[in-house]
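What follows is each chain in one-letter form.
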Amino acid sequence: MMAIHSVYIVSKSGGMIFNYDHNFPKVESEKTFNFPMDLKLELRNKKLVVVFGQRDGICIGQTLLSINGTLVNGGQMESGPDALEYLSDETKFPVSLRFGRTRMTTNEKMFLGSMFYPLYAIASQISPEPHSSGIQVLEAETFKLHCLQTLTGVKFIAICDPRLQGMEIILRKIYELYADYVLKNPFYALEMPIRCDLFNDNLKVLLETIERTGITNV
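Residues numbered from 1 in each chain as written. Predicted model: local features only at pLDDT ≥ 70, side-chain atom pairs only at ≥ 80, totals over all residues. Heavy atoms only, no water.

Draft legend 1. Broad picture of the pattern of salt bridges. The final tally for this structure, using the stated rule, is six salt bridges. Ionic pairing is found between glutamate 42 and lysine 40, a salt bridge with its closest N-O pair at 3.8 Å. Here lysine 40 falls in the partly exposed class, since its relative accessible area comes to 44%. You can call glutamate 42 partly exposed: its relative accessible area is 28%. Among the charged side chains, a salt-bridge network with shared partners connects Lys40, Glu42 and Arg44. (Salt bridge = Lys/Arg side-chain N within 4 Å of Asp/Glu carboxyl O. Buried < 20%, exposed > 50% of the residue type's maximum accessible area, 1.4 Å probe, protein only.)

Draft legend 2. The arrangement of unusual backbone geometry in detail. Omega for the peptide link from phenylalanine 35 to proline 36 comes to -5 degrees, which places this bond in the cis form. A cis amide bond, omega 0 degrees, links phenylalanine 93 with the succeeding residue proline 94. Mapped onto the elements, proline 94 comes out in the loop between helix 1 (83-87) and strand 9 (95-100). If you check the backbone angles, glutamate 191 has positive phi at about 75 degrees while not being a glycine. (Helix = DSSP H or I, 4+ residues; strand = E, 2+ residues; numbered from the N terminus.)

Draft legend 3. Molecular detail of the confidence of the model for the protein chain. This prediction gives the protein chain a mean pLDDT of 86; 95% of its residues lie at or above 70. Highest mean pLDDT in the protein chain belongs to helix 3 (residues 167-183) (95); lowest belongs to helix 2 (residues 106-126) (80). (pLDDT = per-residue confidence, 0-100.)

Draft legend 4. Representation of the side chain of threonine 209 within the structure. Note that threonine 209 resides in helix 4 (residues 197-213). Since its relative accessible area comes to 17%, threonine 209 is described here as buried. A polar side-chain atom of threonine 209 sits 2.8 Å from the main-chain carbonyl oxygen of valine 205. (Polar contact = N/O pair within 3.5 Å; in protein donor to acceptor, adjacent residues only side chain to side chain.)

Draft legend 5. How the structure looks around the pairing of strand 9. By the criterion of burial, strand 9 is predominantly enclosed, with six of the six residues buried. Pairing geometry for strand 3 (residues 28-33) and strand 9, over six bridges, is antiparallel. Within the sheet, the bridge partner assigned to threonine 32 lies in strand 9 and is serine 96. Judged from the four bridges that link them, strand 6 (residues 63-67) and strand 9 form a sheet pairing that is antiparallel. Among the inter-strand pairings, leucine 64 is bridged to a residue of strand 9, identified as phenylalanine 99. (Pairing = 2+ DSSP bridges.)

In structure tokens form, the structure reads like this:
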């Protein structure tokens, strides 16, 4: 299904003021390993992350979610043992390990959202053409990032399926919702995080409509 995975709004000063995860794909892989494992794990930001040994759908950067069905949280198994110590014990093998991509925390999203601001500025400056608009599309194997910058400098960013067409129209529609339900809200202050139920509800309806019918009814 072609879908929009998430929407971000970055203020003109570079801070993330809104994000919404709409259709975040769930990517998980489970494999049985013998000792010694041909994967290397490290504890990063309270998560056990694959840093070496990409194989069989398990990718570098994915997080260890469970060992033999026991959930792993913060490097510890729910049953008590330290996960790395458990996996260093040859007598515990073979083991079934489940890996996946965990959702980013709010702080991680704010950090990544704010990182887009300097990248956008750099792209504008290094462009061989004068008055470049900066980054409008970033394309990867599994997703596309689309960006619309308004005249006031606010950036609307959407992460979507690479096959989805008409993202410029969709971003402009999201901008219209922002103008109608956020900027016209007397309790909203510019540059502050957006907390507006009407905007959230109408954005959700818009994205669901696009999933069902495409952009023909937008």
